[in-house]
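Geometric and topological summary
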Amino acid sequence: MTKTAVKLKEIIDKNGPNYLMDEPYQVYNELIRSKAADRKKAGAILCYLVSNIAGENEAHCELAGLSKAIQKECSFNKKMADQLAEIFLFLYSDENKSEWKQKDMEGLSAFLNEDFKCTWKGFSVWDGGNGTVDCHYEAEIVLSPGKDVAEDVELAGLLKKNPFMKKEAIHDYFEKKIRKHLDYEFEEYCTCDDYYQPVVEDFEIEYQVTEWGKKNGFEVISCEGNGDDDGYEPKFRKGWY
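An account of the accompanying structure is given in this report.

**Quick word on the packing of aromatic side chains**
One pass over the structure, following the stated rule, counts 19 aromatic pairs. Both rings, one in F186 and one in F203, keep their centres 5.2 Å apart while their planes meet at 75°; by these two values the pair is edge-to-face. Linking F186 in helix α10 (residues 167-191) with F203 in the loop between α10 and α11 (205-216), this pair joins segments that are 17 residues apart in sequence. You can call F203 buried: its relative accessible area is 4%. Positioned over the ring face of F164 is K103, at 4.8 Å from the centre of the ring.

Right, dumping it as structure tokens:
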């Protein structure tokens with residue numbers, strides 16, 4: 001099969017079965033960037049994708065029928081229409097469809113069957129008016145994902161768009177989410193009192209992680225952290241003025 005067809009399959013394998021129809025111009029750019037097709041052929045594929053033919057593939061099980069439909073809808077000559085028909089009949093073959101069906105939600109399943117591990121480094125500055133304290137915290141977190149993880153609204157949207165989403169991408173999504181939560185809580189903890197310097201090592205990391213886990217479908221396996229500060233730094237020192 002042509003390198004154009006192989007590249008289109010790679011794009012679907014990475015981004016999901018609906019990507020070609022949802023992002024036809026991105027597909028066009030990727031074909032040109034990767035040199036899998038020249039501008040003429042990439043442009044013809046773009047035209048095919050934005051037409052109604054793509055959604056009618058099931059009705060054209062033979063090359064001749066699909067080629068005629070392409071000639072009619074896209075006004076291409078027979079040679080170009082035949083080339084496109086060959087590409088898309090290969091792309092949406094029963095073999096490829098079967099492969100994609102097996103990959104559906106494979107990444108989510110793999111993610112749910114492994115421990116979720118991440119690290120977090122928190123930083124905040126307490127300002128007492130006449131001086132500041134730089135606050136630091138580091139933690140290592142291990143969680144067990146449950147089935148409720150899949151009910152996360154944003155994740156569900158991502159999986160609907162790309163059901164082939166890899167477990168690594170799902171891990172990155174939740175890693176960013178828990179870090180954002182801890183960043184906020186650490187900032188609130190360190191800056192909540194204008195008059196008393198925070199005791200950084202007393203930040204309740206396990207409580208915060210447990211509460212986040214309850215809301216997001218995770219159970220805590222382990223959570224260890226340490227906090228410290230750089231000491232009080234006066235804003236005005238003798239000899240500055």
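The structure having been displayed, the exposition proceeds.
**A look at unusual backbone geometry**
In this model, K35 sits at a positive phi of 60°, which is unusual for a non-glycine residue. The topology assignment puts K35 in the loop between α3 (24-33) and α4 (39-50). Look at M105: it is not a glycine, yet its phi comes out positive at around 65°. Assignment of secondary structure puts M105 in the loop between α7 (94-103) and α8 (106-112).

**As for the pairing of strand β2 (residues 131-145)**
One face of the sheet, then the other: side chains in a regular strand alternate in exactly this way. Bridge analysis of strand β1 (residues 116-127) against β2 gives twelve bridges, and the strand direction is antiparallel. Bridged to T119 within β2 is E140. Hairpin connection, β1 to β2: the antiparallel pair is bridged by three residues, and G129 has positive phi, about 95°.

**Considerations on the state of the cysteines**
With the rule as written, the count across this model stands at zero disulfides. With no disulfide of its own, C74 lies 3.6 Å from the sulfur of C47, the closest cysteine sulfur. Cysteine C135 is unpaired, with the sulfur of C190 as its nearest cysteine sulfur at 3.9 Å. A residue is classified by how much of its surface remains accessible, and C135, at 0% relative accessible area, is buried.

**What to know about the sheet that holds β1**
Reading across from one edge, β1-β2-β3 is the order of the three strands in this open sheet, with antiparallel pairing throughout. Two strands in the sheet have a free side with no partner beyond their single neighbour: β1 and β3 (218-234). Pairs of neighbouring strands in the sheet enclose a mean axial angle of 15°, with direction left out of account. Pairing analysis gives 14 bridges linking β2 to β3, with the strands arranged antiparallel. Considered in β3, the bridge of S144 is made with E219.

**Some words on the packing of helix α9 (residues 153-161) against α10**
When two helices pack together, their arrangement is captured by the angle between the axes and the distance separating the axes. Axis separation between α9 and α10 bottoms out at 11 Å; the angle between their running directions is 155°. The orientation of α9 relative to α10 falls into the category roughly antiparallel. Here α9 and α10 pass one another in a crossing that is right-handed. Taking contact as the criterion, the partners of E154, L155, L158 and L159 in α9 are, on α10, I170, Y173 and F174. Considering only residue class, the contact of α9 with α10 consists of six nonpolar, no polar and one charged.

**Points about the environment of D127**
Tracing the backbone through its elements, the reader meets D127 in strand β1. Taking the C-alpha atoms as reference, D127 lies 8.8 Å from Y195; in sequence the two are 68 residues apart. Non-local contacts of D127, meaning those with residues more than four positions away in its chain, are made with T132, D194 and K235. A polar side-chain atom of D127 sits 2.9 Å from the main-chain amide nitrogen of G129.

**Here's the deal with the environment of P24**
By the secondary structure assignment, P24 is in helix α3. Put simply, P24 and K41 are 17 residues apart on the chain and 13 Å apart in space, counted from C-alpha to C-alpha. Residues within four places of P24 in sequence aside, it is in contact with Y19, L46, L49 and V50.

Cut-offs used in this document
Positions within a chain are numbered from 1, following the residues in the order the chain's sequence is written. It should be noted that, the model being predicted, local features are given only for residues of pLDDT at least 70 and side-chain atom pairs only at 80 or more, the latter also being counted only at that level, while totals for whole chains, interfaces and linings use all residues. Heavy atoms throughout the structure, all of them, feed into the side-chain values; hydrogens and water do not. The rule is short: rings of Phe, Tyr and Trp, with Trp giving its six-membered ring, pair when the centres are within 6.5 Å, and they are stacked under 30 degrees, edge-to-face over 60, tilted in between. Here a helix means four or more residues in a row that DSSP labels H or I, a strand means two or more in a row labelled E, and each is numbered from the N terminus. Here the term buried applies to any residue with accessible area under 20% of the maximum for its type, exposed to any over 50%, and partly exposed to those in between, with areas from a 1.4 Å probe on protein chains only. Here, a charge over a ring is recorded when the distance from Lys NZ or Arg CZ to the ring centre is within 6 Å and its angle to the ring normal is within 35 degrees. Two strands are counted as paired when DSSP detects at least two bridges linking them. Sulfur atoms of two cysteines make up a disulfide when they are within 2.5 Å. For helices, the fitted axis covers only the stretch in contact; all axes are lines through C-alpha atoms, and the angles between them, taken along N-to-C directions, range from 0 to 180 degrees. Oblique is the label for any angle not under 35 degrees, not over 145, and not in the 65 to 115 range, which are roughly parallel, roughly antiparallel and roughly perpendicular in turn. Two helices cross in a left-handed way if the nearer one is turned anticlockwise from the farther one by less than a right angle. They cross in a right-handed way if the turn is clockwise. Contacts are residue-level and defined by heavy atoms, with any inter-residue pair within 4.5 Å sufficient. Gly counts as polar in this scheme, as do all residues outside two lists: the nonpolar Ala, Val, Leu, Ile, Met, Phe, Trp, Tyr, Cys and Pro, and the charged Asp, Glu, Lys and Arg. By the criterion applied in these results, polar contacts are pairs of N or O atoms within 3.5 Å in which, for protein atoms, one can donate a hydrogen and the other can accept it, and in which residues neighboring in sequence qualify only through two side-chain atoms.

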